[in-house]
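# Per-entry structural report
Residue strings, one per chain:
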Amino acid sequence: MAMLWKFMRVAKCSKTALSPNVKVRGIPTHSRHSSSKSVPSDFAASAPCSNTVELLGKSYPQDDYSNVTEKILSKVGKNLHNRKHHPLWLIKEQVKEHFYKHYLGRRGTPLFSVYDGLSPVVTVQQNFDSLLIPQNHASRRKEDNYYLNRDHMLRAHTSAHQWDLIRSGLDAFLAVGDVYRRDTIDNTHYPVFHQMEGVRLFSCHELFSSIKDGEGLQLFEQGHRTAHKQECHTMEAVRLVEFNLKQVLTRLMTHIFGDGLQVRWVDCYFPFTHPSFEMEINFQGEWMEVLGCGVMEQQLVNS
């Protein structure tokens, strides 16, 4: 079984976003479990010629789906989340520090590995198909995404890397990166923003080992899909994963925003998790959504 969580949007640093009431704590600068190096911004992109787009050292032929603009291309490769002391870097390091400190494997090493240098250019298959997003789903529209062509695009979410990272054998990881959507610019929206995503897979032993008489409990059953669980999961397993998921994220938000945080959970829908939730926190007197999460669809894990 697997759980997924994701900071939904880290866009820009407005006065509200970085209020004097929110302190970003000092973070160690060393990066354990980091992935490949970031692409330098001067190698990011060249203006598209009549037939191709040159981006991150590769050439992509244009077709009737190509809609990425020169302005957006100029943003690719800036990697603000990897620029030391940038606000996005500070938040990333704060989250990494929290997970490295509190979630350890059997050998005392960090349970979660971190990938913050994955290419923002992905295939349509990675961005949508691998996440069970239907062909007619509204999120695939050209009006909402930046397509290089029918087969390649700028990732619309860090979830585009989920399938590949799981397939590589990882069972606990954080993925961080810049993502791109054709949003109208306002005080909370910008076409380029950042996400951090976490995934953890559980074995039967890991989930039930701390439960009294848990030896007889099972992850899977041949049941029915309900509003609370997938057809293949037992209710005991779902309840434990949901409890773990919400506990982990509440601790993380308390670490970032401080003690006394008011949190509420809202049921929602994502194509690749069920059940699914959004977390809202009370910030400066208003409820603000900070992340989405859920129990990963077993079909995705099995694939």
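Residues numbered from 1 in each chain as written. Predicted model: local features only at pLDDT ≥ 70, side-chain atom pairs only at ≥ 80, totals over all residues. Heavy atoms only, no water.

### Describing the overall build of the chain
In terms of helices and strands, the chain carries 7 helices and 11 strands. Taking all 303 residues of the chain together, 46% fall into the buried category. The long-range share in the chain, meaning contacts at least 24 apart out of those at least 6 apart in sequence, stands at 65%. Surface summary for the chain: the accessible area is close to 15,400 Å², and the carbon and sulfur share equals 50%. (Helix = DSSP H or I, 4+ residues; strand = E, 2+ residues; numbered from the N terminus. Buried < 20%, exposed > 50% of the residue type's maximum accessible area, 1.4 Å probe, protein only. Contact = heavy atoms within 4.5 Å. Areas by Shrake-Rupley, 256 points an atom, 1.4 Å probe, with all protein chains shown as cover.)

### Structural notes on the packing of aromatic side chains
Under the defined criterion, the tally for this structure stands at 6 aromatic pairs. Look at Phe-99 and Phe-112: their rings are 4.9 Å apart centre to centre, the planes differ by 70°, and that puts the pair in the edge-to-face class. One end of the pair, Phe-99, is in helix H2 (residues 87-102); the other, Phe-112, is in the loop between H2 and strand E4 (113-115), and 13 residues separate them in sequence. The class for Phe-99 is buried, based on a relative accessible area of 1%. Overall, Phe-112 belongs to the buried group, its relative accessible area being 4%. (Phe/Tyr/Trp six-rings, centres within 6.5 Å; stacked < 30°, edge-to-face > 60°.)

### Here's the deal with the environment of Cys-204
Secondary-structure assignment places Cys-204 in helix H5 (residues 204-208). Taking relative accessible area as the criterion, Cys-204 reaches 30% and is therefore assigned partly exposed. In this structure the C-alpha to C-alpha distance between Cys-204 and Met-1, which are 203 residues apart in sequence, comes to 8.3 Å. If we ignore the near neighbours within four places in the chain, the residues touching Cys-204 are Leu-217, Gln-218 and Leu-219.

### Regarding helix H6 (residues 235-257)
When the terminal C-alpha atoms of H6 are compared, their 32 Å separation across 23 residues agrees well with the 33 Å that a helix rising 1.5 Å per residue should span. Where H6 terminates, the next one or two residues include Gly-258, which has phi positive at roughly 105°. (Expected span 1.5 Å × (residues − 1).)

### Points about unusual backbone geometry
A cis amide bond links His-274 with the next residue in sequence, Pro-275, at an omega value of 0°. You can see Pro-275 is positioned in strand E10 (residues 273-283). A positive phi angle, close to 65°, is found at Leu-132, a residue other than glycine. Exposure remark for Leu-132: the relative accessible area of 26% places this residue in the partly exposed category. With a phi angle near 55°, Gln-284 is a residue other than glycine that sits in the positive phi range. Summarising the element assignment, Gln-284 is placed in the loop between E10 and strand E11 (286-296).

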